[in-house]
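# Notes for the structure review
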Amino acid sequence: MPELPDLLYIQKYLHKNIVGRTVLDVQVKQPIVLRVSMESSFESAIRGKAFQRCELNGPFIRFELSDTLDLILNLMLAGKLQHQHPGEKPEGYLCFSLLLDDRTKLNLCDEQKMAKAYLTRSGEYGGIPKYLQQGIPLLDPACTFDVFQSLGAKHSRKQVRVFINDHTVLSSIGNAYADEILFDAGIHPKTFVYKLNADELRRLYDSIAAVMKWGIEKVEAAAQPIHVKVRDHMKVRNRKGEPCPRCGTTIRREGVRGFDVFFCPTCQPASRKTFIDWNKVN
Ligand SMILES: [Zn+2]
């Protein structure tokens, strides 16, 4: 799933290369990804329209195709947005393709066919699951420590990994950066929010901003095409069995609410009694 650093990079690219372009033709291969909340078909509604704006809302990419028409994408777990140039092939499983007036194509590819493309009238977002339920935008000045603290108090019975990963609270942190944030803050993923002391809560808040800034810089520096997920810089995510870059302890993987989480048991010690001593598990 593309996360905030990926999405900001994608948005910047789209703003530079797609906004201003007109859609000459539409090819739909997998109608299962389409959600059209109007009379006309996806193809006929989009054909001839120009991309006017591109904005983000949590995991959603919202394009304005006219003053009254929006195309909103949620790439979900495996969806990719590709800007295909003449001579290139679609990246993976093509769901739909928009031919633009510079002869390039904007493709949505997703082998899992879980990505969604919503075509809707501007402002009518009630039918888009989770679109209006996004929490406070992470990088917004309104996301102060006081606000974060009160959110923590409201969700104090949650495990910290679940809390920071909840898009209706903070918009938004995905699995990869959630692991990196907790590693940076030195907090065990299963710690309950109410168990965090004032210092730890402050550290968590600071790590969210610092890790996101670091991620944005790394994705920017990698300068990959927008369909490539840049994850080489991850310190613990998907690094089970590798040495922790800080202390050398072997990185562990564990399930939290059905999701894989990665952490260093030395840098992120459990603050409560658990049934497993992670330092003794191989
Ligand atoms: Zn460590």
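In this text, all values refer to a predicted model and were calculated from it rather than measured experimentally. (Residues numbered from 1 in each chain as written. Predicted model: local features only at pLDDT ≥ 70, side-chain atom pairs only at ≥ 80, totals over all residues. Heavy atoms only, no water.)

What follows deals with the coordination of the zinc ion. Looking at the zinc ion, one finds its protein donor set to be Cys-244 (SG), Cys-247 (SG), Cys-264 (SG) and Cys-267 (SG), positioned 2.2 to 2.4 Å from the metal centre. The site at the zinc ion holds 4 donor atoms, and with the angles between them running 102 to 113°, its shape is tetrahedral. All donors of the zinc ion belong to a single chain; written as a sequence motif, their spacing is C-x2-C-x16-C-x2-C. Here Cys-247 is found in the loop between helix H6 (198-222) and strand E12 (252-256), whereas its partner Cys-267 is found in the segment after strand E13 (259-263), with 20 residues between them in sequence. (Donors = N, O, S within 2.8 Å, 3.2 Å for Na, K, Ca; no water. Tetrahedral: all angles 85-135°; square planar, octahedral: opposite > 155°, others 65-115°. Helix = DSSP H or I, 4+ residues; strand = E, 2+ residues; numbered from the N terminus.)

For the structure on display, the rule yields 8 aromatic pairs. With a centroid separation of 4.9 Å and 65° between ring planes, the pair formed by Phe-60 and Tyr-131 is classed as edge-to-face. Residue Phe-60 is located in strand E4 (residues 60-64), and its partner Tyr-131 is located in the loop between strand E9 (116-121) and strand E10 (136-137); the two are separated by 71 residues in the primary sequence. Per residue, the accessibility class of Phe-60 equals that of Tyr-131, and both read buried. An aromatic cluster is present here, built from Phe-145, Phe-148, Phe-163 and Tyr-205 joined pairwise through their rings. A cation sits over an aromatic face here: Arg-202 above Phe-145, 4.5 Å from the ring centre. (Phe/Tyr/Trp six-rings, centres within 6.5 Å; stacked < 30°, edge-to-face > 60°. Buried < 20%, exposed > 50% of the residue type's maximum accessible area, 1.4 Å probe, protein only. Lys NZ or Arg CZ within 6 Å of the ring centre and 35° of its normal.)

So, on to the sheet that holds strand E1 (residues 23-28). With antiparallel pairing, the 4 strands of this open sheet are ordered in space as E1-E7-E8-E6. Of all strands in the sheet, those bounded by a partner on one side alone are E1 and strand E6 (80-84). The sheet shows a mean angle of 15° between the axes of neighbouring strands, taken without regard to direction. In terms of strand pairing, E6 meets strand E8 (residues 105-109) through 5 bridges, oriented antiparallel. Each residue of the ladder has a partner; that of Leu-81, found in E8, is Leu-108. (Pairing = 2+ DSSP bridges. Axes fitted to C-alpha atoms, helices over the stretch in contact; angles between N-to-C directions.)

Our focus in this paragraph is the domain arrangement of the protein chain. Here the domain parsing of the protein chain yields domain 1 (4-121) and domain 2 (136-280). Using only C-alpha atoms to locate each centre, domain 1 and domain 2 end up separated by 30 Å. Each side of the interface is counted separately: domain 1 has 17 residues, and domain 2 has 18 residues. The salt bridge involving Lys-12 is made with Glu-220; its shortest N-O contact spans 3.1 Å. Joining domain 1 to domain 2, the criterion identifies 4 residue pairs in polar contact (both at pLDDT 80 or more). Going through the elements one at a time, helix H1 (4-17) and E6 are the ones with two or more residues in the side of domain 1 that touches domain 2. Top element by residues in the side of domain 1 that touches domain 2 is H1. It accounts for 9 residues. Each residue belonging to the side of domain 1 that touches domain 2 can be placed in one class, and the counts come to 10 nonpolar, 3 polar and 4 charged. (Domains from an automatic or database assignment. Contact = heavy atoms within 4.5 Å. Salt bridge = Lys/Arg side-chain N within 4 Å of Asp/Glu carboxyl O. Polar contact = N/O pair within 3.5 Å; in protein donor to acceptor, adjacent residues only side chain to side chain. Nonpolar A, V, L, I, M, F, W, Y, C, P; charged D, E, K, R; others polar.)

Attention now moves to the pairing of E9. Counting buried residues in E9 gives 5 out of 6 residues, a clear majority hidden from the surface. Judged from the 3 bridges that link them, strand E2 (residues 34-36) and E9 form a sheet pairing that is parallel. Counterpart to Val-36 in the pairing with E9 is Leu-119. Relative to E9, strand E5 (residues 69-74) is paired through 6 bridges, and the arrangement is antiparallel. By the bridge assignment for E9, Ile-72 is matched with Tyr-118.

Glycine aside, residues mostly have negative phi, and peptide bonds are mostly found in the trans state. In the segment running from Ser-171 into Ser-172, the intervening peptide bond is cis, with an omega of -15°. Considering the arrangement of structural elements, one finds Ser-172 in the loop between strand E11 (170-171) and helix H5 (175-185). Even without being a glycine, Arg-103 presents a positive backbone phi close to 70°. Checked against the element boundaries, Arg-103 lands in the loop between strand E7 (94-100) and E8. Not every positive phi belongs to a glycine, and Lys-113 is a case in point at roughly 55°. Relative to the assigned elements, Lys-113 resides in the loop between E8 and E9.

In this section: the pairing of E8. In terms of burial, E8 is largely enclosed, as 4 of its 5 residues are buried. As paired elements, E7 and E8 share 5 bridges and run antiparallel to each other. Each residue of the ladder has a partner; that of Leu-99, found in E8, is Lys-105. Where E7 folds back onto E8 in an antiparallel hairpin, the turn is made up of 4 residues, including Arg-103, whose phi is positive at roughly 70°.

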